[in-house]
Amino acid sequence: MNYKKTLLSIIYIYYLELIYHLFIFKSFTLKGFLFLTLFTILFGIFNDLITSLFNKKVNKWLFITINVFLNILFIAQIVNFKFYGNIISIYSVVHGGQVFGFMGAIISVILKNIPSILLLLIPAILLLIFNKYIEADESNYKNTLIKTLVFIGLFTICTLTLNIDKKDIYSAKNLYYYKHAPNQSAKTFGILTTMRIDLERIIHFEEKTMDIINDGTSEEEKPAVKNIEYNKEDIDFAALAESETNEEIKNIHLYMNNQEATEKNKYTGMFEGKNLIAITAEAFSPLAVDKELTPTLYKLVHEGFNFTNMYSPIYYVSTSDGEYVTLTSLLPKESVWSFYKSRNNYLPYVYGNAFKKLGYAAYAFHDGQYKYYDRNLSHPNMGYTYMACGNGLQKLMNCKKWPQSDVEMIDATFDMYKDEEKFVTYYMTISGHLEYNFYGNNMAAKNKSLVENTNYSTAVKAYKATQIELDRALEKLLTKLEENNLLDKTVIVLSADHYPYGLTNDEINEVTPLTNPKFDIHKNNLIIWSTDIKEPIKVDKLAESLDILPTVLNLFGIKFDSRLLMGRDILSNTDGLVILNDRSWITEKGFYDASTNKFTKTTDEDLPDNYIDKISTIVYNKFVISKNILDTNYYKYVFKEEAWI
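Owing to the predicted nature of the structure, the values given are computational and were not obtained by experimental measurement. (Residues numbered from 1 in each chain as written. Predicted model: local features only at pLDDT ≥ 70, side-chain atom pairs only at ≥ 80, totals over all residues. Heavy atoms only, no water.)

Draft legend 1. Quick look at the overall build of the protein chain. For the protein chain, the helix and strand inventory stands at 26 helices and 15 strands. Scaling as 2.2 N^0.38, a compact globule of 645 residues should have a C-alpha radius of gyration of about 26 Å, and the protein chain matches this with 26 Å. For the protein chain, the spread of C-alpha atoms along the three principal axes comes to 85 × 65 × 55 Å. Taken across its 645 residues, the protein chain has 59% of its residues classed as buried. Of the accessible surface of the protein chain, which amounts to about 27600 Å², a share of 55% is contributed by carbon and sulfur atoms. Of the side-chain charges in the protein chain, 66 are positive and 75 negative, and the distance between the mean point of each set is 6 Å. (Helix = DSSP H or I, 4+ residues; strand = E, 2+ residues; numbered from the N terminus. Rg over C-alpha atoms; globule rule 2.2 N^0.38 Å. Buried < 20%, exposed > 50% of the residue type's maximum accessible area, 1.4 Å probe, protein only. Areas by Shrake-Rupley, 256 points an atom, 1.4 Å probe, with all protein chains shown as cover. Lys, Arg positive; Asp, Glu negative; His and termini not counted. Charge placed at Lys NZ, Arg CZ, Asp CG, Glu CD.)

Draft legend 2. The nonpolar core, seen in detail. The biggest cluster of nonpolar side chains holds 90 residues, and the ones touching the most others in it are Y20, I277, I279, F284, Y417, L477 and L481. Every residue in contact with I279, bar those within four places of it in the chain, is listed here: Y427, T429, L474, L477, I492, V493, L494 and S495. Core analysis: the second largest hydrophobic core is formed by 80 residues, Y267, Y324, M382 and F556 among them. (Core = buried A, V, L, I, M, F, W, Y, C linked by side-chain atoms within 4.5 Å. Contact = heavy atoms within 4.5 Å.)

Draft legend 3. Spatial organisation of the packing of helix 1 (residues 3–24) against helix 2 (residues 30–50). At their nearest, the axes of helix 1 and helix 2 sit 8 Å apart, and the two run at 140 degrees to each other. Between helix 1 and helix 2, the crossing angle belongs to the class labelled oblique. As for how helix 1 packs across helix 2, the hand of that crossing is right-handed. Two secondary-structure elements touch here, helix 1 through K5, T6, S9, I10, I13, Y14, E17, L18 and H21 and helix 2 through F33, L36, T37, T40, I41, F43, G44, I45, N47 and D48. Residue classes in the contact of helix 1 with helix 2 are distributed as nine nonpolar, seven polar and three charged. (Axes fitted to C-alpha atoms, helices over the stretch in contact; angles between N-to-C directions. Parallel < 35°, antiparallel > 145°, perpendicular 65-115°, else oblique. Left-handed = near helix turned anticlockwise from the far one by under 90°. Nonpolar A, V, L, I, M, F, W, Y, C, P; charged D, E, K, R; others polar.)

Draft legend 4. Inspection of unusual backbone geometry at higher detail. Cis geometry marks the peptide bond from W402 to P403; its omega dihedral reads -15 degrees. Tracing the backbone through its elements, the reader meets P403 in the loop between strand 5 (385–389) and helix 18 (406–417). For the bond running from L434 to E435, omega is 10 degrees, close enough to zero to count as cis. The phi dihedral of K26 is positive, around 65 degrees, even though this residue is not glycine. Mapped onto the secondary structure, K26 falls in the loop between helix 1 and helix 2. Positive phi is not limited to glycine here, since S318 has a value of about 45 degrees.

Draft legend 5. Up close: the sheet that holds strand 3 (residues 310–311). Ordered by their spatial adjacency, three strands build an open sheet running 8-3-11, and the pairing between neighbours is mixed. Lying at the two open borders of the sheet, with one neighbouring strand each, are strand 8 (523–524) and strand 11 (543–544). Where strand 3 and strand 11 come together, two bridges link them in parallel fashion. Bridged to Y311 within strand 11 is E544. (Pairing = 2+ DSSP bridges.)

Draft legend 6. Region of interest: the environment of D290. You can see D290 is positioned in the loop between strand 1 (275–281) and helix 13 (295–303). Judged by relative accessible area, D290 falls into the buried class, the value being 19%. Between the C-alpha atom of D290 and that of E420, which follows or precedes it by 130 residues, the distance is 34 Å. Setting aside its immediate chain neighbours within four residues, D290 contacts P295, Y298 and K464. Reaching out from D290, the side chain makes a polar contact with the backbone nitrogen of L293 at a distance of 2.9 Å. (Polar contact = N/O pair within 3.5 Å; in protein donor to acceptor, adjacent residues only side chain to side chain.)

Draft legend 7. Representation of the sheet that holds strand 15 (residues 598–601) within the structure. Ordered by their spatial adjacency, four strands build an open sheet running 12-13-14-15, and the pairing between neighbours is antiparallel. The open sheet terminates on both sides in strands that have one partner only, identified here as strand 12 (578–579) and strand 15. Looking at chain direction, strand 13 (residues 585–587) and strand 14 (residues 590–593) are connected through three bridges and run antiparallel. The residue of strand 14 that forms the bridge with W585 is Y592. Along the sheet face, helix 24 (residues 611–632) touches strand 12, strand 13, strand 14 and strand 15 and points at about 120 degrees away from the line of strand 13.

Draft legend 8. Geometry of the packing of helix 1 against helix 6 (residues 114–129). Closest axis-to-axis distance for the helix 1/helix 6 pair is 9 Å, and the angle between their directions is 175 degrees. What the angle tells us is that helix 1 and helix 6 run roughly antiparallel. Contacts from Y12, Y15, L16, I19 and F23 in helix 1 reach P115, S116, L119, L120, I122, P123, A124 and L127 in helix 6. Grouping the constituent residues of the contact of helix 1 with helix 6 by class yields 12 nonpolar, one polar and no charged.

Draft legend 9. A look at the pattern of salt bridges. Taken as a whole, this structure holds 21 salt bridges when the rule is applied. Note that D532 and K274 form a salt bridge whose closest N and O atoms lie 3.3 Å from each other. Here K274 lies in the loop between helix 12 (247–257) and strand 1 and D532 lies in the loop between strand 9 (527–529) and strand 10 (537–539), a separation of 258 residues in the sequence. Here D532 falls in the partly exposed class, since its relative accessible area comes to 36%. By relative accessible area, K274 is classed as buried at 12%. With a closest N to O distance of 3.1 Å, E303 and K299 form a salt bridge. Here E303 and its partner K299 are both found in helix 13, four residues apart, which amounts to about one turn of the helix. We classify E303 as partly exposed; its relative accessible area is 37%. By relative accessible area, which is 30% here, K299 ends up partly exposed. (Salt bridge = Lys/Arg side-chain N within 4 Å of Asp/Glu carboxyl O.)

Draft legend 10. Focus on helix 12. Along helix 12, the positions that sit buried rather than exposed are E248, I249, I252, H253, Y255 and M256. The arc enclosing the buried residues of helix 12, seen along the axis, measures out at 160 degrees, which places them on a common side. Buried residues in helix 12 make contact with helix 11 (237–243), helix 24 and helix 25 (635–638). Where helix 12 starts, the residue carrying a side-chain oxygen 2.9 Å from the main-chain nitrogen of E248 turns out to be N246. (Arc of directions from axis to C-beta.)

Draft legend 11. Layout of the packing of aromatic side chains. This structure, assessed with the given rule, holds 43 aromatic pairs. Aromatic pair Y417 and Y427: ring centres 6.5 Å apart, planes at 65 degrees, arrangement edge-to-face. In this pair, Y417 is assigned in helix 18 and Y427 in strand 6 (residues 423–428), connecting sequence segments 10 residues apart. Overall, the relative accessible area of 1% leaves Y427 in the buried class. Here the aromatic rings of W585 and Y611 are separated by 6.2 Å at their centres, their planes lie at 75 degrees, and the arrangement is edge-to-face. One end of the pair, W585, is in strand 13; the other, Y611, is in helix 24, with 26 residues separating them in the sequence. (Phe/Tyr/Trp six-rings, centres within 6.5 Å; stacked < 30°, edge-to-face > 60°.)

Following this line, the structure appears as structure tokens:
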């Protein structure tokens, strides 16, 4: 047996895992180091085994090819994590380049992470230079049997060792067998084991919710309050669970049965009967709101509902997941494109479907390519007549420049819905897209003169210039509404898909200081504006994108069951909660960083017993139930008759 090649295989992979871990997670726990080491050795032995099955020549070049590929894979994972803050899934690799988006952005991230990339390249370079010294095995039955037995033995040791860490929600055992949280898995086991687990779970994986830790108050002790109306429909989840034979659907019914509906409030029905224009604004953030440069944005942020504690977390598939969370009030599923996967699902509460039941005409527009992220499949499923560049919009505006103009989109589309008796219109903008420079971004170049005299770096100036285009689009929209006597009949709702991750934290700091960068970068504005609001309505409650849909449905007095959504009406009396993609969270009591298992209090009050575990369990359950709703097309089981019409 060639033990040198076995040792080289283990060291090679272990080096890649360590470099990735140190640059991404920056620290080790003792347990994490143990599991990373064991599972990396396991992969090293497996690599050695499969490159020993053929003749010497084939084995040698297979060994070189696999290991160089691993270098490329780890570099791609670092670039992706630095860009999006998550692990590349097998699903995203198979579905191609839309995960990364744009080559210019990739190059920019690479240039900012040269040290880690160079370190990852070293073993590949050495391997190619000194490949003549690699002695590959000649395939024979005895060597293969020995290596297979060693692999099986070590695999058994690895799985048995999981029992030393099995109590916490994201313990090693839970992550390996029961819970799908790729960021947590990568920190515990490494990239290769995480990607293997991810592949297995694409084929089949059923994840269940956890019991909420008791808060010390029994149902009998809760005071009964009469004459309270709730945002819920006449759905008996207990009865549905009793009659359901599908265990996965039954478990969702039981979860819903244990949820409390939100109470109606003084804002319920405030905008009943009005038109709605909902906008997801590309990379919108507080950095874009400037009284002089973007006066319309400033007006809409400060003159309607003024949400002072709003967050727009970024999830796994960037813009698409940002839309998904905002429009469905469900958390996206890791490792897939949730909006694409929902294309055949029944979605009763999304704006298009909900408003169409009331006789509204429903339109959706995007000034990017109509098939991007498969919006041509997901958006019609939400009830919209959908148009973008490639299926009609290119005939009405210039779709050839990059990025396209939001002003031109408003100009091109307004007449399509202005004469409808009632309408709900959805826009996904694009003018604010990275990269933020003046040589490759048409919107930045177009508005360059307006930001030249500001005291910011080039990237921040370019970002603000792109947001000026959004501002001008909103100005045009308000003007057209007023000219057509629609302004008083229409509500504007605008939120971000994600923060401008094309800017570094240092660049963001030029405008908005980041005290707690991991969380602060996601802080954002939510616009809900109507001429009915004569004085600004300040809302200090903690909220996030997940909460937008139920808030808007309540404001329009649309009948919905709040138990079926993962977000909560911001204007209700429920506690605020913000959830990040790695299962970190924010409440009124503080910030919990799941990657370090550290909680930072923001109150002088003592925490209730088991508070961190309780909120972490709530967060975990929201991810699981969101995933299961998506996978099972759950809403059709609740609304059988209307779902099958």
